[in-house]
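Each chain, letter by letter, is given below.
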Amino acid sequence: MESKTELRRRLRRARAALDPVQRHHAQKRANQALKPLIKRGKRIGAYWAAGSELDVHDFIVTAQQRGARVYLPYIAPRGKRLWFTPYPQANARPERTRARLPRIPQFTGRKIRAERLQLLLLPLVGIDRNGTRLGQGGGFYDATLSTFARSGCAPRSVGVGFACQICPPMPAQTHDQRVQGFVCERGYTRLAAGKHPSYPFP
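This is a predicted model, so every value here is computed, not measured. (Residues numbered from 1 in each chain as written. Predicted model: local features only at pLDDT ≥ 70, side-chain atom pairs only at ≥ 80, totals over all residues. Heavy atoms only, no water.)

**As for the overall build of the chain**
Per the secondary structure count, the chain includes 5 helices and 12 strands. A burial count over the chain gives 48% of its 202 residues as buried. Carbon and sulfur atoms form 50% of the exposed surface of the chain, whose accessible area is close to 10,600 Å². (Helix = DSSP H or I, 4+ residues; strand = E, 2+ residues; numbered from the N terminus. Buried < 20%, exposed > 50% of the residue type's maximum accessible area, 1.4 Å probe, protein only. Areas by Shrake-Rupley, 256 points an atom, 1.4 Å probe, with all protein chains shown as cover.)

Here it is as structure tokens:
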């Protein structure tokens, strides 16, 4: 069985190998599949795509146009539990960037915790049919998701990526947190405990 390091390396290579035309069409279809989740006034946690991650900018623009409130992750200097700050209007520039994650911009603003969101989109390196998400390895999203059970408030958690990032079932470790859905160019799939989705999973 592949180690997480080996699996991350393989899935990152597959994601980076998508040609520009294939990537463009895949992102367009994935963003379209996300749009039914938008509701006016809904607080949505999105993300700023880094490297070869699937870009959800089109979804963000549509969400704002439809009256939803979009937030981006904010990494505090200490601790791994994420805050979320309001996504600025078009053409705004990042106001600060964490030195340890230089590719991910951080915007200032009134911070909220993930429990106050209704929808949380999570970037990923890989995902299996059980909803086990393989992230970058920093543990920020796992630390954030782990608080939901204790708080009694949880947004719908949806992993976002390309179909090439779907992988065989992974052994979940104690700190791994599952997501409730997955969106890629093949569409949206709800991931419920005890059930095995077929589409878009092989």
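Still to come is the rest of the account.
**Examining the pairing of strand β11 (residues 181-184)**
On β11, burial covers both faces: G181 and V183 on one face and F182 and C184 on the other are all buried. Alignment of strand β10 (residues 156-160) against β11, held across 3 bridges, turns out to be parallel. In the sheet register, V158 faces β11, and the bridge partner there is G181. Hairpin connection of β11 to strand β12 (residues 187-190): 2 residues between the antiparallel strands. (Pairing = 2+ DSSP bridges.)

**A closer look at the UniProt feature "binding site: substrate" (unreviewed entry) in the chain**
Look at the UniProt record and you will see "binding site: substrate" (unreviewed entry) annotated at E53. Position of E53 among the secondary structure elements: in the loop between β1 (43-45) and α3 (57-65). The residues contacting E53, other than those within four sequence positions of it, are R15, R23, Q27, Y47, W48, P123, Q136 and F162. One polar contact links the side chain of E53 to the main-chain amide nitrogen of A50, over a distance of 3.0 Å. (UniProt positions renumbered as here; feature names shortened; annotations may be inferred. Contact = heavy atoms within 4.5 Å. Polar contact = N/O pair within 3.5 Å; in protein donor to acceptor, adjacent residues only side chain to side chain.)

**Observations concerning the pairing of β10**
Within β10, 4 of the 5 residues are buried, which leaves it mostly tucked inside the rest of the structure. Pairing of strand β7 (residues 119-123) with β10 involves 5 bridges; the strand directions are parallel. By the bridge assignment, L119 is partnered in β10 with R156.

**Brief notes about the pattern of salt bridges**
Under the counting rule described, the total for this entry stands at 1 salt bridge. Measuring nitrogen to oxygen at the nearest pair gives 2.7 Å for the salt bridge that ties R81 to E115. Placement of R81 in the loop between β2 (69-74) and β3 (83-86) and of E115 in the loop between β6 (112-113) and β7 is noted, with a sequence separation of 34 residues between them. Residue R81 is classed as partly exposed on the basis of its relative accessible area, which comes to 30%. Owing to a relative accessible area of 16%, E115 belongs among the buried residues under this scheme. (Salt bridge = Lys/Arg side-chain N within 4 Å of Asp/Glu carboxyl O.)

**Focus on the sheet that holds β7**
What holds strands together in a sheet is hydrogen bonding between their backbones, with the strands either parallel or antiparallel. The strand order across the open sheet built from 8 strands is β6-β3-β2-β1-β7-β10-β11-β12, with neighbouring strands paired in mixed fashion. Of all strands in the sheet, those bounded by a partner on one side alone are β6 and β12. Judged from the 4 bridges that link them, β11 and β12 form a sheet pairing that is antiparallel. Bridging from a neighbouring strand, F182 pairs with T189 of β12. Against the sheet, helix α2 (residues 20-34) touches β7, β10, β11 and β12, its axis set at about 140 degrees to β11. The sheet strands contacting α3 are β1, β2 and β7, and the helix crosses β2 at an angle near 135 degrees. (Axes fitted to C-alpha atoms, helices over the stretch in contact; angles between N-to-C directions.)

**Side note on the packing of aromatic side chains**
Enumeration over the complete set of coordinates arrives at 0 aromatic pairs. Note that K111 overlies the ring of Y74, its terminal NZ or CZ placed 4.7 Å from the centroid. R113 extends its terminal NZ or CZ atom over the ring of W83, reaching a point 3.6 Å from the ring centre. (Phe/Tyr/Trp six-rings, centres within 6.5 Å; stacked < 30°, edge-to-face > 60°. Lys NZ or Arg CZ within 6 Å of the ring centre and 35° of its normal.)

**Concerning helix α1 (residues 4-16)**
When the terminal C-alpha atoms of α1 are compared, their 18 Å separation across 13 residues agrees well with the 18 Å that a helix rising 1.5 Å per residue should span. Within α1, the full set of buried residues consists of L7, R8, L11 and R15. Projected onto a plane normal to the axis of α1, the buried residues spread over an arc of 100 degrees and lie on a single side. Facing away from the buried side of α1, by more than 90 degrees, are the exposed residues R13 and A16. In this fold, the buried residues of α1 make contact with α2, β8 (126-127) and β9 (133-134). (Expected span 1.5 Å × (residues − 1). Arc of directions from axis to C-beta.)

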